[in-house]
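Next come the chains, spelled out residue by residue.
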Amino acid sequence: MKIQIDEKDFGLMLEYEQIKKRIRLIGIQLTVDYENKVPVFVGVLNGSFMFLADLVKEVTISAEITFVKVSSYDGDKSTEKVKKEFDLSMNLKGRDVIIVEDIVDTGITLRYLLDMIKKHNPTSVKVCTLLLKPKSLKENFEEIAYVGFEIPDEFVVGYGLDYNGLGRNLQDIYRAV
Ligand code: 5GP
């Protein structure tokens, strides 16, 4: 199936049913890994809002949820400059933190977030990302513990991810064609 967003063509890549199934499994894994802990999920806005909402519903242990907002993309290009739009509103000292990302591409945003969060002296920091582009990664992160799908180096939209601000509300994920 093809769609157009802001005059750019996109083709279907991942259907919501497939995404939901994968999230269910990650939720079970998190529930086991963080048993007897009360982790803090740090959602990275804007892109992760939909993933985070579906993910935490599959986690059955007690947990807290907070958000940060950063931006680095301009249209379909990474600017390599990360900007903090709003900061963490919570002290993460001594906490088990799970950063929830929509997508890790070059890893520049993740490096920025990890450095920022580690300054709080949390007990542990892990990363849960729905999508990972392994070929674009500029460094290897031992913190990336949960990955929904590894995808090729293509621009994607939908399920929280945008193109020029549009397409975030799509249920499925589409690739630029
Ligand atoms: P990185 O810093 O790892 O290169 O990029 C991370 C951020 O860039 C993501 O959180 C996301 O906002 C944006 N991004 C990276 N790849 C894509 C993509 O394929 N589609 C969209 N819509 N955003 C992307």
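Residues numbered from 1 in each chain as written. Predicted model: local features only at pLDDT ≥ 70, side-chain atom pairs only at ≥ 80, totals over all residues. Heavy atoms only, no water.

J.: I'd like a rundown of the overall build of the protein, residues and numbers included.
T.: Across its full length, the protein holds 3 helices and 10 strands. Across the protein, helices and strands are ordered from the amino to the carboxyl terminus as β-β-α-β-α-β-β-β-α-β-β-β-β. When its C-alpha atoms are laid out on the principal axes, the protein stretches across 45 × 35 × 25 Å. The buried share of the protein, taken over its 177 residues, is 49%. Within the protein, counting contacts between residues at least 6 apart in sequence, those at least 24 apart form 68% of the total. Accessible surface for the protein amounts to roughly 9000 Å². Of this, 46% is attributable to carbon and sulfur atoms. With 24 positive and 28 negative side-chain charges, the protein shows a spacing of 2 Å between the two charge centroids. (Helix = DSSP H or I, 4+ residues; strand = E, 2+ residues; numbered from the N terminus. Buried < 20%, exposed > 50% of the residue type's maximum accessible area, 1.4 Å probe, protein only. Contact = heavy atoms within 4.5 Å. Areas by Shrake-Rupley, 256 points an atom, 1.4 Å probe, with all protein chains shown as cover. Lys, Arg positive; Asp, Glu negative; His and termini not counted. Charge placed at Lys NZ, Arg CZ, Asp CG, Glu CD.)

J.: Provide a residue-level description of the pairing of strand β8 (residues 144–150), including the pertinent values.
T.: Within β8, 5 of the 7 residues are buried, which leaves the element mostly enclosed by the surrounding structure. Across 5 bridges, strand β7 (residues 124–132) lies against β8 in parallel orientation. In the sheet register, Leu131 faces β8, and the bridge partner there is Phe149. (Pairing = 2+ DSSP bridges.)

J.: Got a sec to walk through the sheet that holds strand β10 (residues 173–176)? Specific residues and values, please.
T.: Pairing in this open sheet of 4 strands is antiparallel, and the strands run β1-β2-β10-β9 from one edge to the other. Sheet topology places β1 (2–5) and β9 (156–157) at the edges, where each strand pairs with a single neighbour. The sheet contact formed by β9 and β10 spans 2 bridges and is antiparallel. If you follow Val157 over to β10, its bridge partner there is Tyr174.

J.: How would you sum up the site of the ligand? Please name residues and give values.
T.: The full set close to the ligand counts 18 residues, and Thr106, Gly107, Thr109, Val156 and Asp162 are the nearest of them. A distance of 3.2 Å separates an oxygen atom of the ligand from a polar side-chain atom of Glu101. Val156 is positioned such that a nitrogen or oxygen atom in its backbone is 2.7 Å from a nitrogen atom of the ligand. Protein contacts shield 92% of the accessible area of the ligand, which totals 510 Å² for the unbound molecule. Those elements giving two or more residues to the shell around the ligand turn out to be β4 (64–74), β6 (96–104) and α3 (108–118). Top element by residues in the shell around the ligand is β6. It accounts for 4 residues. Tallied by class, residues from the shell around the ligand come to 7 nonpolar, 5 polar and 6 charged. (Near = heavy atom within 4 Å. Polar contact = N/O pair within 3.5 Å; in protein donor to acceptor, adjacent residues only side chain to side chain. Nonpolar A, V, L, I, M, F, W, Y, C, P; charged D, E, K, R; others polar.)

J.: Can you lay out unusual backbone geometry for me, pointing to particular residues and giving the numbers?
T.: Here the bond from Leu45 into Asn46 is cis, since omega is 0 degrees, no more than 30 degrees from zero. Summarising the element assignment, Asn46 is placed in the loop between β3 (40–45) and α2 (49–56). In the Ramachandran plot, Asn121 falls in the positive-phi region, its phi being about 60 degrees despite a non-glycine side chain. Summarising the element assignment, Asn121 is placed in the loop between α3 and β7. With a phi angle near 50 degrees, Asn164 is a residue other than glycine that sits in the positive phi range. By secondary structure assignment, the location of Asn164 is in the loop between β9 and β10.

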